[in-house]
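Residues per chain are reported as follows:
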Amino acid sequence: KEFRNNVKPNWCPGCGDFSIQAAIQRAAANVGLEPENLAVISGIGCSGRISGYINCYGFHGIHGRSLPIAQGVKMANRELTVIAAGGDGDGFAIGMGHTVHAIRRNMNITYIVMDNQIYGLTKGQTSPRSATGFVTKSTPQGSIESSITPVELALSVGATFVAQSFSSDLKGLTELIERGIKHEGFSLINVFSPCVTYNKVNTYDWFKENIVPVETIEGYDPHDRIKAMSTSMKYNGLITGLIYQNTEQKPYEALVKGFKEEGLAKQDIRLSQEDFDKLVAEFA
Ligand code: SF4
């Protein structure tokens with residue numbers, strides 16, 4: 001209840017994003033956060049509205065830039081739990097450079113991609129997650145490009161936590177977000193979130209028929225990166241659950257020498273007159 005506010009989402013009825021909003025709110029409450037302990041940073045797209053729909057600190061950023069802002073927030077106040085959220089276009093097109101480097105940097109942030117495999121806000125164009133052959137207004141003869149597979153991308157650039165879920169599975173998604181929040185490092189959670197208005201191919205039924213929960217795969221070990229990669233490739237990137245976690249790798253914050261526990265926002269960073277005079281003398 002704590003994380004609900006009185007803003008009514010203006011997503012289309014049936015949009016998968018509703019469940020992601022609910023899962024974040026439940027997960028935050030389940031891990032014992034208060035609204036003042038959480039910051040949700042979003043990009044642009046239908047998904048970008050999410051930062052205004054949760055009762056906590058929120059920042060609706062610019063297209064593809066949720067992760068630089070989220071990392072800045074975390075640097076400024078390490079005590080905050082920081083969740084970045086955005087669509088597949090936001091994270092894997094204009095924001096792709098930030099996504100790759102944020103994953104390998106491994107700051108203690110949870111990144112939730114609301115993956116509907118299309119651009120919804122601009123009324124239905126092909127995204128980097130659209131399958132080859134996908135017909136939209138921008139690809140009337142079918143997309144001739146191959147699509148990005150988030151799990152494999154993250155594993156290939158050194159991710160320490162990779163999960164994938166489906167917005168219909170509210171319980172499973174909530175649990176994965178809780179685990180992502182608790183993970184010491186960067187957690188990527190890609191969520192299949194159907195766009196009921198513009199994507200008539202990757203529907204709820206389509207996902208139900210095609211996704212493969214890793215719990216159903218005999219001998220699956222989420223600590224085996226090679227196995228995670230080969231399993232994702234085997235099932236066309238449609239595996240769900242906790243796909244990979246590395247608990248040995250320390251987060252960025254723990255590795256920066258002199259990086260104080262106390263966030264910058266709480267430190268007195270004013271220069272003394274003596275230090276100021278020294279600096280002026282140095283640059284004179
Ligand atoms: Fe959701 Fe698609 Fe509607 Fe956007 S256009 S709110 S993604 S259903």
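No experiment lies behind these values; they were computed from the predicted model shown.

1. Notes on the overall build of the chain
A count of helices and strands for the chain gives 10 helices and eight strands. Taking 2.2 N^0.38 as the reference for a compact globule, 284 residues should give roughly 19 Å; the C-alpha atoms of the chain span a radius of gyration of 20 Å, in line with that estimate. Sorting the 284 residues of the chain into buried and exposed places 51% on the buried side. Intrachain contacts of the chain at a sequence separation of at least 6 include 69% that bridge at least 24 residues. Charge centroids of the chain, computed over 27 positive and 29 negative side chains, lie 4 Å from each other.

2. What about the side chain of Q71?
Checked against the element boundaries, Q71 lands in helix α2 (residues 66–76). The class of Q71 is buried, set by a relative accessible area of 9%. Discounting residues that sit within four places of it in the chain, Q71 has contacts with A102, R105, M107 and I109.

3. What to know about unusual backbone geometry
Working note: non-glycine residues mostly have negative phi, and peptide bonds are mostly trans. Although it is not a glycine, Q117 adopts a positive phi angle of roughly 65 degrees. Its identity as a non-glycine residue notwithstanding, K123 has a phi of 75 degrees, on the positive side. Looking at the secondary structure, you find K123 in the loop between β4 (110–115) and α5 (150–156). Residue classification places K123 among the partly exposed positions, given a relative accessible area of 48%.

4. A short note on the site of the ligand
The ligand sits among W11, C12, C15, C46, N116, G120, C195, V196, T197 and Y198. For the shell around the ligand, a count of residues per class yields seven nonpolar, three polar and no charged.

5. Looking at the packing of aromatic side chains
The final tally for this structure, using the stated rule, is seven aromatic pairs. Ring centres 5.0 Å apart and planes at 85 degrees place the aromatic pair W11 and Y53 in the edge-to-face group. You can see W11 sitting in the segment before α1 (17–30) and its partner Y53 sitting in the loop between β1 (38–42) and β2 (57–60), a full 42 residues away along the chain. As far as burial versus exposure is concerned, W11 and Y53 are alike and both buried. Aromatic pair Y111 and F186: ring centres 6.3 Å apart, planes at 55 degrees, arrangement tilted. You can see Y111 sitting in strand β4 and its partner F186 sitting in the loop between α6 (170–182) and β6 (187–192), a full 75 residues away along the chain. There is no split in this pair, since Y111 and F186 are both buried. Through pairs of rings, three or more aromatic residues link up here, namely F166, F192, Y204, W206 and F207.

6. Things to note about the packing of α1 against α6
The N-to-C vectors of α1 and α6 enclose an angle of 50 degrees; their axes lie 8 Å apart at closest approach. In terms of orientation, α1 and α6 fall into the oblique class. Note that α1 runs across α6; the crossing there is right-handed. Judged by residue contacts, S19, I20, A22, A23, I24, R26, A27 and N30 of α1 engage L170, L173, T174, I177 and E178 from α6. For the contact of α1 with α6, the per-class residue count stands at eight nonpolar, three polar and two charged.

7. Some points on the layout of surface pockets
Approximately 300 Å³ is the volume found for the largest pocket. Around the largest pocket, the lining is made up of 16 residues, and of these D169, G172, E215, T240 and G241 lie nearest the centre. Elements represented by at least two residues in the lining of the largest pocket include exactly β5 (161–166), α6 and β8 (239–245). Considering each element in turn, the lining of the largest pocket owes the most residues, four residues, to α6. Its residues assigned to classes, the lining of the largest pocket shows six nonpolar, five polar and five charged.

8. Description of the pattern of salt bridges
Taken as a whole and judged by the stated rule, the model has six salt bridges. Across the salt bridge formed by R78 and E261, the nearest N and O atoms sit 3.7 Å from each other. Of this pair, R78 sits in the loop between α2 and β3 (81–87) while E261 sits in the loop between α9 (252–255) and α10 (273–283); the two residues are 183 residues apart in sequence, bridging distant segments of the chain. When its relative accessible area of 16% is taken as the criterion, R78 is described as buried. Under the relative-accessibility criterion, E261 is labelled exposed at 62%. Between D275 and K278 there is a salt bridge, with its nearest N and O atoms 3.9 Å apart. Of the two residues, D275 and K278 both sit in helix α10, three residues apart, roughly one turn of that helix.

So, how was this worked out
Residues numbered from 1 in each chain as written. Predicted model: local features only at pLDDT ≥ 70, side-chain atom pairs only at ≥ 80, totals over all residues. Heavy atoms only, no water. Helix = DSSP H or I, 4+ residues; strand = E, 2+ residues; numbered from the N terminus. Rg over C-alpha atoms; globule rule 2.2 N^0.38 Å. Buried < 20%, exposed > 50% of the residue type's maximum accessible area, 1.4 Å probe, protein only. Contact = heavy atoms within 4.5 Å. Lys, Arg positive; Asp, Glu negative; His and termini not counted. Charge placed at Lys NZ, Arg CZ, Asp CG, Glu CD. Near = heavy atom within 4 Å. Nonpolar A, V, L, I, M, F, W, Y, C, P; charged D, E, K, R; others polar. Phe/Tyr/Trp six-rings, centres within 6.5 Å; stacked < 30°, edge-to-face > 60°. Axes fitted to C-alpha atoms, helices over the stretch in contact; angles between N-to-C directions. Parallel < 35°, antiparallel > 145°, perpendicular 65-115°, else oblique. Left-handed = near helix turned anticlockwise from the far one by under 90°. 1 Å grid on protein atoms, 1.4 Å probe; cavity = no way out; pocket = protein on both sides within 12 Å on 5 of 7 lines; lining within 4 Å. Points joined across faces, edges and corners; volume = space filled by probe spheres on them. Salt bridge = Lys/Arg side-chain N within 4 Å of Asp/Glu carboxyl O.

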